[in-house]
Amino acid sequence: MIKRRISPKLVDARILVLYELDQFINYIRTIHPELTPNESTVVAAVVLKNLPNVFLENPSAINELKEVAAIVKNKASRNAPQTMN
């Protein structure tokens, strides 16, 4: 097995995703309080699996996604170390 080093920025991004996923799972339980934590996690997985279709059916959602991606990309490029040629 080849081990590769994961950048600290990627680790931080994954931690953020896990935090937001946990918040979403909790939100699902507010919609359907009878769900167990395991069940609400499975519901979240199904939603994530189907999310690309939601974007395909909703052009404004795709545009919003593109806008967020551009903001994140611009922020990353501003924080990147500058090189001199």
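Residues numbered from 1 in each chain as written. Predicted model: local features only at pLDDT ≥ 70, side-chain atom pairs only at ≥ 80, totals over all residues. Heavy atoms only, no water.

Chemist: Can you tell me about the overall build of the chain, naming the residues and giving the values?
Modeler: Within the chain, the secondary structure is distributed over three helices and zero strands. Along the chain, helices and strands appear, N-terminal first, in the series α-α-α. Along the first, second and third principal axes, the C-alpha set of the chain runs to 60 × 40 × 25 Å. Within the chain, buried positions represent 7% of all 85 residues. The average position of the 11 basic charges and that of the 8 acidic charges among the side chains of the chain differ by 16 Å. (Helix = DSSP H or I, 4+ residues; strand = E, 2+ residues; numbered from the N terminus. Buried < 20%, exposed > 50% of the residue type's maximum accessible area, 1.4 Å probe, protein only. Lys, Arg positive; Asp, Glu negative; His and termini not counted. Charge placed at Lys NZ, Arg CZ, Asp CG, Glu CD.)

Chemist: So, the environment of Asp22: which residues are in play, and what are the values?
Modeler: Examined against the element boundaries, Asp22 turns out to sit in helix H1 (residues 8-31). For the pair formed by Asp22 and Thr41, sequence separation is 19 residues and the distance between their alpha carbons is 8.4 Å.

Chemist: Requested: an account of the layout of surface pockets, with residues and values cited.
Modeler: Of the volumes computed, that of the largest pocket is approximately 180 Å³. With four residues, the single largest contributor to the lining of the largest pocket is helix H3 (residues 59-79). Class assignment for the residues of the lining of the largest pocket results in two nonpolar, one polar and two charged. (1 Å grid on protein atoms, 1.4 Å probe; cavity = no way out; pocket = protein on both sides within 12 Å on 5 of 7 lines; lining within 4 Å. Points joined across faces, edges and corners; volume = space filled by probe spheres on them. Nonpolar A, V, L, I, M, F, W, Y, C, P; charged D, E, K, R; others polar.)

Chemist: A description of the side chain of Ser40 should follow, citing residues and the corresponding values.
Modeler: Among the structural elements, Ser40 can be located in helix H2 (residues 37-57). At 3.0 Å, the side chain of Ser40 and the backbone oxygen of Pro37 are in polar contact. Beyond its immediate chain neighbours, meaning those up to four positions away, Ser40 contacts Ile25, Ile28, Arg29 and Leu35. (Polar contact = N/O pair within 3.5 Å; in protein donor to acceptor, adjacent residues only side chain to side chain. Contact = heavy atoms within 4.5 Å.)

Chemist: Describe in detail the packing of H2 against H3, supporting the description with residues and values.
Modeler: With their axes 5 Å apart at the nearest point, H2 and H3 run at an angle of 110° to one another. Of the possible angle classes, the one that applies to H2 and H3 is roughly perpendicular. Mapping the contact onto sequence places Phe55, Leu56 and Glu57 in H2 and Pro59, Ala61, Ile62 and Leu65 in H3. Here the residues of the contact of H2 with H3 are counted per class, giving six nonpolar, no polar and one charged. (Axes fitted to C-alpha atoms, helices over the stretch in contact; angles between N-to-C directions. Parallel < 35°, antiparallel > 145°, perpendicular 65-115°, else oblique.)

Chemist: Got a sec to walk through a nonpolar patch on the surface? Specific residues and values, please.
Modeler: Residues Ile6, Leu10, Val11 and Ile15 make up a contiguous nonpolar surface patch of roughly 300 Å² in combined accessible area. Along the chain, Val11 falls in helix H1. (Patch = residues over 30% accessible without salt bridge, like charges linked within 9 Å, V, L, I, M, F, W, Y side chains within 5 Å. Areas by Shrake-Rupley, 256 points an atom, 1.4 Å probe, with all protein chains shown as cover. Salt bridge = Lys/Arg side-chain N within 4 Å of Asp/Glu carboxyl O.)

Chemist: I'd love a proper account of the packing of H1 against H2, names of residues and values included.
Modeler: Closest axis-to-axis distance for the H1/H2 pair is 9 Å, and the angle between their directions is 110°. Classified by the interaxial angle, the pair formed by H1 and H2 is roughly perpendicular. Classified by chirality, the crossing of H2 by H1 is right-handed. Mapping the contact onto sequence places Leu21, Phe24, Ile25, Ile28 and Arg29 in H1 and Pro37, Ser40, Thr41, Val43, Ala44, Val47 and Leu48 in H2. In terms of residue class, the contact of H1 with H2 is built from nine nonpolar, two polar and one charged. (Left-handed = near helix turned anticlockwise from the far one by under 90°.)

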